[in-house]
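Single-letter residue listing:
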Amino acid sequence: MSVTKFTALFKDLMGSTFSEFALQYRVKGASFQLKTSNLTLETVAVNWGYADASHLHEYV
């Protein structure tokens, strides 16, 4: 499947682009981890693929 076909199909099925979906997945996962653990913001940010907490701070 071509990238163009995947992009169109994903948006039709999911209602958002893959990038938007992936960002929401990471933000929701990080938010849940912050709420349910005693980990620092920095640790959670790194766990979810952010370079540091300043990148996560924008969304959480």
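Treat the numbers as computed from the prediction; the structure is a model and nothing was measured.

1. Focus: the packing of aromatic side chains
According to the stated counting rule, one finds five aromatic pairs in the structure shown. Judged by centre distance (5.5 Å) and plane angle (70 degrees), the ring pair of Phe10 and Phe21 falls under edge-to-face. Placement of Phe10 in helix H1 (residues 3-14) and of Phe21 in helix H2 (residues 18-36) is noted, with a sequence separation of eleven residues between them. The class of Phe10 is buried, set by a relative accessible area of 13%. For the ring pair Tyr25 and Trp48, a centre distance of 5.9 Å and an interplane angle of 65 degrees mean the geometry is edge-to-face.

2. Regarding the side chain of Ser16
By secondary structure assignment, the location of Ser16 is in the loop between H1 and H2. Owing to a relative accessible area of 14%, Ser16 belongs among the buried residues under this scheme.

3. A few points about H2
The end-to-end C-alpha distance of H2, which contains 19 residues, comes to 27 Å, matching closely the 27 Å that a straight helix rising 1.5 Å per residue would cover. Turning to H2, its buried residues are Val27, Gly29, Ala30 and Ser31. The elements touched by buried residues of H2 are helix H3 (41-47) and helix H4 (53-57).

Cut-offs and rules
Residues numbered from 1 in each chain as written. Predicted model: local features only at pLDDT ≥ 70, side-chain atom pairs only at ≥ 80, totals over all residues. Heavy atoms only, no water. Phe/Tyr/Trp six-rings, centres within 6.5 Å; stacked < 30°, edge-to-face > 60°. Helix = DSSP H or I, 4+ residues; strand = E, 2+ residues; numbered from the N terminus. Buried < 20%, exposed > 50% of the residue type's maximum accessible area, 1.4 Å probe, protein only. Expected span 1.5 Å × (residues − 1). Contact = heavy atoms within 4.5 Å.

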